[in-house]
Amino acid sequence: MGSPFCSTYHNYVGSLSAKANVIVVSVDYRLAPEHLVAAAYEDSWAALKWVASHFKISAHGYETWLNTRANFTCVFTR
């Protein structure tokens, strides 16, 4: 779809998440040919670990709104 910093993409994802009543994390991963393909996987893995750091068992994520509002028993990746 595009970069998370693109206003069209941001507005679409914001509207979709509001209607679906979900939290969306959009990853701005590095793309080829400027970066090796593995960079996109590394960036996506780092984002998934960031989300996981907010899970209530460890609860050491610094985004308190995410700690209190997200249901980490229902995490889906795509």
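The model shown is predicted, which means the values in this text are computed figures rather than measured ones. (Residues numbered from 1 in each chain as written. Predicted model: local features only at pLDDT ≥ 70, side-chain atom pairs only at ≥ 80, totals over all residues. Heavy atoms only, no water.)

(A) View of the overall build of the protein. Within the protein one finds three helices and zero strands. Tracing the protein from N to C terminus, the helices and strands come up as α-α-α. For the protein, the accessible area works out to roughly 6400 Å², and carbon and sulfur atoms hold 61% of it. (Helix = DSSP H or I, 4+ residues; strand = E, 2+ residues; numbered from the N terminus. Areas by Shrake-Rupley, 256 points an atom, 1.4 Å probe, with all protein chains shown as cover.)

(B) Just the layout of surface pockets, in detail. The space that makes up the second largest pocket amounts to roughly 170 Å³. If you trace the second largest pocket, you find it lined by Pro4, Tyr9, His10, Val13, Gly14, Ser17, Val24 and Ser26. Along the lines of polarity and charge, the residues of the lining of the second largest pocket split into four nonpolar, four polar and no charged. (1 Å grid on protein atoms, 1.4 Å probe; cavity = no way out; pocket = protein on both sides within 12 Å on 5 of 7 lines; lining within 4 Å. Points joined across faces, edges and corners; volume = space filled by probe spheres on them. Nonpolar A, V, L, I, M, F, W, Y, C, P; charged D, E, K, R; others polar.)

(C) Summary view of the environment of His10. Assignment of secondary structure puts His10 in helix 1 (residues 7-20). Given a relative accessible area of 52%, His10 falls into the exposed group. Separated by 16 residues in sequence, His10 and Ser26 have C-alpha atoms that sit 9.0 Å apart. (Buried < 20%, exposed > 50% of the residue type's maximum accessible area, 1.4 Å probe, protein only.)

(D) Up close: helix 1. Look at helix 1: 20 Å from first C-alpha to last across 14 residues, which is about the 20 Å you get at 1.5 Å a residue. Following helix 1 by one or two positions, Asn21 adopts a phi angle in the positive range, close to 55°. (Expected span 1.5 Å × (residues − 1).)

(E) Structural context of the pattern of salt bridges. Considering all chains together, one arrives at two salt bridges under this definition. In this structure, Glu42 engages Arg30 in a salt bridge whose closest nitrogen and oxygen atoms are separated by 3.6 Å. On the criterion of sequence distance, the pair formed by Glu42 in helix 2 (residues 37-52) and Arg30 in the loop between helix 1 and helix 2 is long-range, its members being 12 residues apart. Residue Arg30 is classed as partly exposed on the basis of its relative accessible area of 33%. (Salt bridge = Lys/Arg side-chain N within 4 Å of Asp/Glu carboxyl O.)

The values reported here are purely geometric and, on their own, carry no functional implication.
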